[in-house]
Amino acid sequence: MNVKELLQRYEAGETKFSGVSLSGVNLFGADLIGIVLSGADLHGATLIFAYLSRANLRKANLVGTRLSGANLNQAWLSGVNLSNADLHGASLQSADLRSANLTLASLLDANLMDADLRGANLSGADLTGACLRGANLREEKRMYTAKLRGAILQNVDLQGADLRGADLLKVNLSGANLRETNLREADLRGADLSGANLSSAFLTEVNLMGANLRGAILKNVKLERAILSEADLTGVNLQGAVMPDVKLSKAQVSRGNLSFARLNRADLSRANLREANLSESDLIEAYLARTNLMGANLSNANLTRAELSTTNLIGANLQGATMPDGRIHDTD
């Protein structure tokens, strides 16, 4: 089928074109709202600024398709192949992208608000500046697991998004807005979260081993049972963070603010907390084997039953702290 025939039939009221072959066609700016192109072959096509809201493109072949500036709001795109596609500035608000292949796709500044991305493969995709507020990328019984390994999510807006169990290995989320985002059980090993805003985010059981969190905002985050071993948290603000059973072994947390944080049963072995602020924090039963707390502020901290036998406390402020044996430390 050629472009002329497609447009004529669509103008006449026909909307169902499932399985048609339209590879390489030019549909620049075409009005195709509500069209059914499920299973169609559109690879290499030009659909720049096309109107495809509520279009049905399920399992269509859109490899290398040019869709920059296109309107795909509320479109059905489950199982679609958008590998290497150009979606720069495209609007995909509330689109169904379950199990879509978006590997190496360009989604710069794209609008993905409230989009369903469960099971989508975004490996290597460029989402710089994209808006993913309210997007659904959660894992569901291992059936739908968003794959974002190596994706570029620099300065992306993911506020309130659902990323439970998402595969975010080594992604670039520097400067991203992750406020109130649900990242429970997500895999963020080796990820770059420098300068990201994670205020009030849910990070329970997240794996951040070796992640870069320098300059990140982590105020009031929930980090129960999270893995932060070997992570870089230099100078990070974790004031009031809920972190029981967290693993911070070999982590870099020098000059970090952990005042009022709850670190009960935390593993801080070999961590660098030099000059960190741990005042008023709860460190009950914390494991501090060979932890560097030189010059740290531990005033009024609760260290009941904590393991401190090999901890470096040179120059630390322990005024008013509850020591492992239950006594209150003073300067005398």
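Summarised in this report is the structure supplied together with it. (Residues numbered from 1 in each chain as written. Predicted model: local features only at pLDDT ≥ 70, side-chain atom pairs only at ≥ 80, totals over all residues. Heavy atoms only, no water.)

**Concerning the overall build of the chain**
Secondary structure summary: the chain contains 1 helix and 0 strands in total. Across its three principal axes, the chain shows a C-alpha extent of roughly 90 × 30 × 20 Å. In the chain, buried positions account for 52% of the 332 residues. Long-range pairs, those at least 24 residues apart, make up 8% of the contacts in the chain between residues at least 6 apart in sequence. With 34 positive and 34 negative side-chain charges, the chain shows a spacing of 3 Å between the two charge centroids. (Helix = DSSP H or I, 4+ residues; strand = E, 2+ residues; numbered from the N terminus. Buried < 20%, exposed > 50% of the residue type's maximum accessible area, 1.4 Å probe, protein only. Contact = heavy atoms within 4.5 Å. Lys, Arg positive; Asp, Glu negative; His and termini not counted. Charge placed at Lys NZ, Arg CZ, Asp CG, Glu CD.)

**Here's the deal with the nonpolar core**
Within the largest apolar cluster, 115 residues are counted, with the highest numbers of intra-cluster contacts made by Leu127, Leu132, Leu198 and Leu233. Apart from the residues lying within four places of it in its own chain, the contact partners of leucine 198 are Leu178, Leu183, Leu193, Leu203, Leu213, Ala216, Ile217, Leu218 and Val221. (Core = buried A, V, L, I, M, F, W, Y, C linked by side-chain atoms within 4.5 Å.)

**Quick word on the packing of aromatic side chains**
Evaluation of the coordinates by the stated rule reveals 1 aromatic pair. Ring centres of phenylalanine 28 and phenylalanine 49 lie 5.9 Å apart, and the angle between their planes is 75°; on these two criteria the pair is classed as edge-to-face. Highlighted residues: phenylalanine 28 in the segment after α1 (3-11) and phenylalanine 49 in the segment after α1, separated in sequence by 21 residues. Accessibility expressed as a relative area gives 52% for phenylalanine 28, which makes it exposed. Note on phenylalanine 49: relative accessible area 47%, which makes it partly exposed. (Phe/Tyr/Trp six-rings, centres within 6.5 Å; stacked < 30°, edge-to-face > 60°.)

**Regarding the side chain of serine 249**
The topology assignment puts serine 249 in the segment after α1. Given the relative accessible area of 17%, serine 249 is considered buried. Of note is the side chain of serine 249, whose polar atom sits 3.0 Å from the side chain of serine 229. Aside from chain neighbours lying at most four places away, what touches serine 249 is Ser229, Glu230, Asp267 and Ser269. (Polar contact = N/O pair within 3.5 Å; in protein donor to acceptor, adjacent residues only side chain to side chain.)

**Examining the pattern of salt bridges**
Applying the stated criterion across every chain, the model contains 13 salt bridges. Here arginine 9 ties to glutamate 14 by a salt bridge, and the two come within 2.7 Å at their closest N and O atoms. With relative accessibility at 29%, the residue arginine 9 sits in the partly exposed group. In this structure, aspartate 116 engages arginine 118 in a salt bridge whose closest nitrogen and oxygen atoms are separated by 2.6 Å. Using a relative accessible area of 12% as the deciding quantity, one classes arginine 118 as buried. (Salt bridge = Lys/Arg side-chain N within 4 Å of Asp/Glu carboxyl O.)

**Here we look at the side chain of serine 279**
As for its position among the elements, serine 279 is in the segment after α1. Serine 279 sits in the buried class, given a relative accessible area of 11%. Looking at serine 279, its side chain comes within polar contact range of the side chain of asparagine 277, at 2.8 Å. Discounting residues that sit within four places of it in the chain, serine 279 has contacts with Ser259, Phe260, Asn297, Leu298 and Ser299.

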